[in-house]
Amino acid sequence: MSNSPLFSGKKIVLGVGGGIAAYKSVELMRRLVDAGAFVSPVLTEASLRFVGEVTFSALGSERARVSLWDEDDPIPHTRLAQQADLIVLAPATADLIARYAAGIADDLLTTTLIATKAPVVVVAAMHTEMWQHPSVVENIAILRGRGVIVIEPESGRLAGGDVGVGRLASAERVISAIEELFAVEGRRVLAGKRVLVTAGGTREAIDPVRFIGNRSSGKQGIAFARTALDFGAEVTLVTTVPVPEGSGVDVVQVESAQEMFEAVSKVSGKCDLVVMAAAVADFRCKEISPTKIKKGRGVPQVLLEPTPDILAHLGSVKPENQVLIGFAAETGELEAEARRKLKDKNADFIVANNVLEGDAGFAVDTNRVTLVYDDSAMALELADKKDIAKKVLSFVAEWAQKKGVWTV
Ligand code: C5P
């Protein structure tokens, strides 16, 4: 399977249990990687009796892991669990299924499983008698009850010459189940929409070496672009921070506010939704020194001038069918400031956050925001930036339909 937008950039943990079908998960992993997913293999100790760590390291997107106690990564389970878009257990043995159902967390794979909020797909494989044993039947029912997707084994030749139900489902079946999951998850609320997102902080040059910058990491903006893509939109991302190739969005790399303004102006008129998540500098140097300013010449006087306010400009030329979202990073009166910006810049939504909170705002992976729109404000709980993007975009899409801004 070649690169697919549904898989592109998705982080998948492939958990491998100790069964003879473990060799087949090498092929599954290769296909997931080919489809564009970032696959982190996690092997149980028992699986090492059937397959080698090196094989998974060589074909996966990063090295295979077995132990919770790796010296170079003190908490691998939380990293894997938090970053994963999906965990696939293939093969899931009777033992692994039981440990997962019981919440046992005594190795890297089982700790990752109970530390994650990502969906989990269990691809079961074992001998027929084991598959039919009441304990396995009950454990499978428990997992299904918790929303785990179980792909049942297929019928055919088993280890030791037996024939019956128990064979690991084919890679095609597993991949199409994952595809369906990703598609449904995305809910496609932005299908057919053109979305423009800006991300990162602009850099305003002082001389060829120095610049005026800010602390924005671009993480929230990139999460918006990714989510819009997952929701079915055609996405242009104008960004000051680099984004890996093949992410599925159309990336325009810029540096200064002026460059961002020009890149945004080229596409904004055709867009149904603009998300101005970038931290655009308010001031730039009136004159940029063409050569490095020398220390020996004394303290330089740097004269500043305003940059173009991109959001305000977009607000002034906003087409009827466009939704415009601005951001407000504040340190004080959050809602009042956001409401003022909503009005002044003719935006439809302001996503406001208090950048003085340690777990929200710049550089961290989580955010706590308040959505200010019409005469309302809605505070969202602390969540990772991807979840914030999902909630905001779902809400905005529904709002735009109800208001009649989007008619289709
Ligand atoms: O006025 P303030 O800079 O706080 O407004 C923040 C919002 O305005 C953000 O959405 C930011 O992307 C946008 N902005 C802009 N151009 C500027 C400054 C801010 O588009 N020059």
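Position numbers for residues count from 1 along each chain, tracking the sequence in the order it is written. With the structure being a predicted model, the display of local features is reserved for residues of pLDDT at least 70 and the display and counting of side-chain atom pairs for 80 or more, all residues being used for whole-chain, interface and lining totals. Computation of side-chain values covers all heavy atoms of the structure but excludes hydrogens and water.

## As for the sheet that holds strand 17 (residues 349–354)
Applicable threshold: We call two strands paired when DSSP finds no fewer than two bridges between them. Every helix listed is a DSSP run of H or I at least four residues long, and every strand listed is a run of E at least two residues long, numbered separately from the N terminus. Angular values range over 0 to 180 degrees, each being the angle between N-to-C directions of two axes fitted as lines to C-alpha atoms, with helices fitted over their stretch in contact.
Taken in spatial order, the 8 strands line up as 12-11-8-13-16-17-19-20 in an open sheet, and their pairing is mixed. Both outer strands of the open sheet, strand 12 (250–253) and strand 20 (376–379), are each paired with one neighbouring strand and no more. Strand-to-strand, the axes of this sheet are offset by a mean angle of 15°, without reference to chain direction. As paired elements, strand 19 (residues 369–373) and strand 20 share 4 bridges and run antiparallel to each other. Directly across from Tyr373, in strand 20, lies its bridge partner Ser376.

## A short note on the site of the ligand
Operational definition: We define proximity as follows: a residue is near a molecule or strand when any one of its heavy atoms falls within 4 Å of that partner. Under the rule applied, a polar contact is a pair of N or O atoms within 3.5 Å (in protein, one hydrogen donor and one hydrogen acceptor; residues adjacent in sequence only if both atoms are side-chain atoms). Note on areas: Shrake-Rupley with a 1.4 Å probe; residue coverage comes only from the protein chains shown. Site definitions follow a grid-based scheme: protein atoms alone, a 1 Å grid, a 1.4 Å probe that fits but cannot get out for cavities, and for pockets an open set with protein on both sides within 12 Å along at least five of seven lines, plus lining residues having an atom within 4 Å of a point. For a cavity or pocket, the test is whether more than half of a molecule's atoms lie within 2 Å of its grid points; if they do, the molecule sits there. Residues are grouped as follows: Ala, Val, Leu, Ile, Met, Phe, Trp, Tyr, Cys and Pro are nonpolar; Asp, Glu, Lys and Arg are charged; all remaining types, including Gly, are polar.
As a matter of local geometry, the ligand sits amid 14 residues, with Met276, Ala278, Leu311, Phe327 and Lys341 nearest to it. Interatomic distance of 3.0 Å between a backbone N/O atom of Ile310 and a nitrogen atom of the ligand. A distance of 2.4 Å separates an oxygen atom of the ligand from a polar atom in the side chain of Lys341. For the ligand, whose unbound accessible area comes to 450 Å², protein coverage reaches 87%. At a threshold of 2 Å from the grid points, most atoms of the ligand map onto the second largest pocket. Within the residue set of the shell around the ligand, elements represented by two or more residues are helix 11 (310–316) and strand 16 (323–330). Looking at the shell around the ligand, its residues break down into 8 nonpolar, 2 polar and 4 charged.

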